[in-house]
Amino acid sequence: MIRRCLGGLALAALVSCADETVVAPLAERGAALARDPNVSGSQYNRFACTTCHVDRPAEAGERILPGAPLRGAARRPSYWNGETTHLREAVVRCWVHFMRGRAEDLEGPTGDALGAWLESLSPNGATEGTAPIAHTWPRSTRDLGAGGDPARGRVLYQRACANCHGAFGSGQGRLGPLVSIVPQDTLAEHCQGELPAGVPDYASYARQVAYQKTRHGSFLGYAGSMPPFATELLSDEEMAHIVALFRCP
Ligand code: HEC
Ligand code: HEC
């Protein structure tokens, strides 16, 4: 009954419900689940929804978060830069790819609660945040070059990466042992051994890995759970400063 009334994430369309006594507690439970890094049930996940998303843009402060603000999201006509029109599909992507959850697990009470929470952020008639978010991830594989400024890179690292990766160079405070230590882990792996075809030297390789990983979350067959950063969040120019932090010894 609750499911039919609410829609939740189990159904493609979210329908709001007049019965506040049912909806409000469910939305509150959803808000708590959105903050819980154990919500997906995967031992490999350390992220909560709120690791990557805020409610309103101002709540991010200085931080650059990879996911869009969620206020108004339930009323947006499309998601993931127009790749899907279904809210459920938009959330399943995060759930499966970043949080290592099983899509089926959103069919039950967890999906209902998260759906009610998203719905509560976009009450009927809401206009705030309801326009589609323009986030693009152009598939450029170019080498951004050695011209970036590491000092500016450190500032950007603090705003965009430290949230998960912890302190630069030591990883202190990172979300867990499965989160790489930047830049050490990358340099240890990519400043030696065989170079992929077309990559001229290790310095270029380290820059390309850093760039592609940050822009797409994957590179040359690398998978993982790191979210991609759209150009609207980090431009290629800013990315060149970040990449300058990845210098082979
Ligand atoms: C590791 C980071 C990360 C986590 C964790 C995460 N997301 Fe996302 N989410 C993203 C990224 C990146 C996008 C695509 C960029 C964007 O928001 O447009 C996205 C997109 C979305 C969108 C579509 C926004 C739009 O307008 O395009 C919704 C809705 C959403 N996420 C909800 C959730 C919910 C609910 C959770 C928790 C169950 C969650 N996300 C967990 C990173 C994350
Ligand atoms: C939401 C959490 C999160 C954020 C934010 C994040 N990362 Fe990551 N990153 C990860 C995780 C988890 C891994 C390890 C798993 C994987 O490879 O996806 C990783 C891996 C990496 C790697 C690969 C390291 C290796 O082993 O070679 C690089 C490079 C990297 N991140 C750079 C960055 C940079 C630069 C930023 C900021 C612009 C950033 N990350 C922001 C979670 C995050």
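Our subject is the structure listed above.
Residues numbered from 1 in each chain as written. Chains lettered and ligands numbered in written order. Predicted model: local features only at pLDDT ≥ 70, side-chain atom pairs only at ≥ 80, totals over all residues. Heavy atoms only, no water.

Quick look at the coordination of the iron atom of ligand 1 now. With distances of 2.0 to 2.3 Å, the protein atoms coordinating the iron atom of ligand 1 are H53 (NE2) and C94 (SG). Note on H53: relative accessible area 17%, which makes it buried. Residue classification places C94 among the buried positions, given a relative accessible area of 18%. (Donors = N, O, S within 2.8 Å, 3.2 Å for Na, K, Ca; no water. Buried < 20%, exposed > 50% of the residue type's maximum accessible area, 1.4 Å probe, protein only.)

With that settled, consider the nonpolar core. M99, L114 and W117 are the most contacted members of the largest nonpolar core, which has 28 residues in total. Every element with two or more residues in this core is listed here: helix 2 (20-34), helix 4 (87-98) and helix 5 (109-120). A total of 7 residues in this core trace back to one element, the largest contributor, which is helix 4. Residues within four places of M99 in sequence aside, it is in contact with V39, S40, S42, N45, F47, A48, C49 and C94. Among the nonpolar cores identified, the runner-up in size contains 21 residues, and C161, L234, A240 and I242 belong to it. (Core = buried A, V, L, I, M, F, W, Y, C linked by side-chain atoms within 4.5 Å. Helix = DSSP H or I, 4+ residues; strand = E, 2+ residues; numbered from the N terminus. Contact = heavy atoms within 4.5 Å.)

So, on to the state of the cysteines. Evaluated as defined, the whole model comprises 1 disulfide. Here C191 engages in a disulfide with C248; their sulfurs sit 2.0 Å apart. Of note, the bridge from C191 to C248 carries an S-S torsion of about -80 degrees and is left-handed in sense. In this pair, C191 is assigned in the loop between helix 8 (184-190) and helix 9 (202-216) and C248 in the segment after helix 10 (236-243), connecting sequence segments 57 residues apart. Since its relative accessible area comes to 16%, C191 is described here as buried. (Disulfide = S-S within 2.5 Å.)

A few words on the site of ligand 1. Near ligand 1 there are 24 residues, and of these C49, C52, H53, R76 and C94 occur at the shortest range. One nitrogen or oxygen atom from the main chain of A68 is found 2.8 Å from an oxygen atom belonging to ligand 1. In this structure, an oxygen atom belonging to ligand 1 sits 2.9 Å away from a main-chain N or O atom of W80. Within the residue set of the shell around ligand 1, elements represented by two or more residues are helix 3 (49-52) and helix 4. Broken down by class, the residue content of the shell around ligand 1 amounts to 20 nonpolar, 3 polar and 1 charged. (Near = heavy atom within 4 Å. Polar contact = N/O pair within 3.5 Å; in protein donor to acceptor, adjacent residues only side chain to side chain. Nonpolar A, V, L, I, M, F, W, Y, C, P; charged D, E, K, R; others polar.)

Mapped onto the fold, H190 is located in helix 8. Exposure remark for H190: the relative accessible area of 3% places this residue in the buried category. Within the structure, the side chain of H190 is placed 3.5 Å from the side chain of Y205, a separation counted as a polar contact.

All right, on to the site of ligand 2 then. Near ligand 2 you find 24 residues, and of these C161, C164, H165, K213 and M226 are the closest. Within the side chain of K213, an N or O atom sits 2.7 Å from an oxygen atom of ligand 2. Contact distances for ligand 2 include 2.8 Å between an oxygen atom and a backbone N or O atom of S225. Breaking the shell around ligand 2 down by element, the ones donating at least two residues are helix 7 (162-165), helix 8 and helix 9. Of the residues forming the shell around ligand 2, the biggest block, 4 residues, is contributed by helix 8. Across the shell around ligand 2, the residue classes tally to 14 nonpolar, 7 polar and 3 charged.

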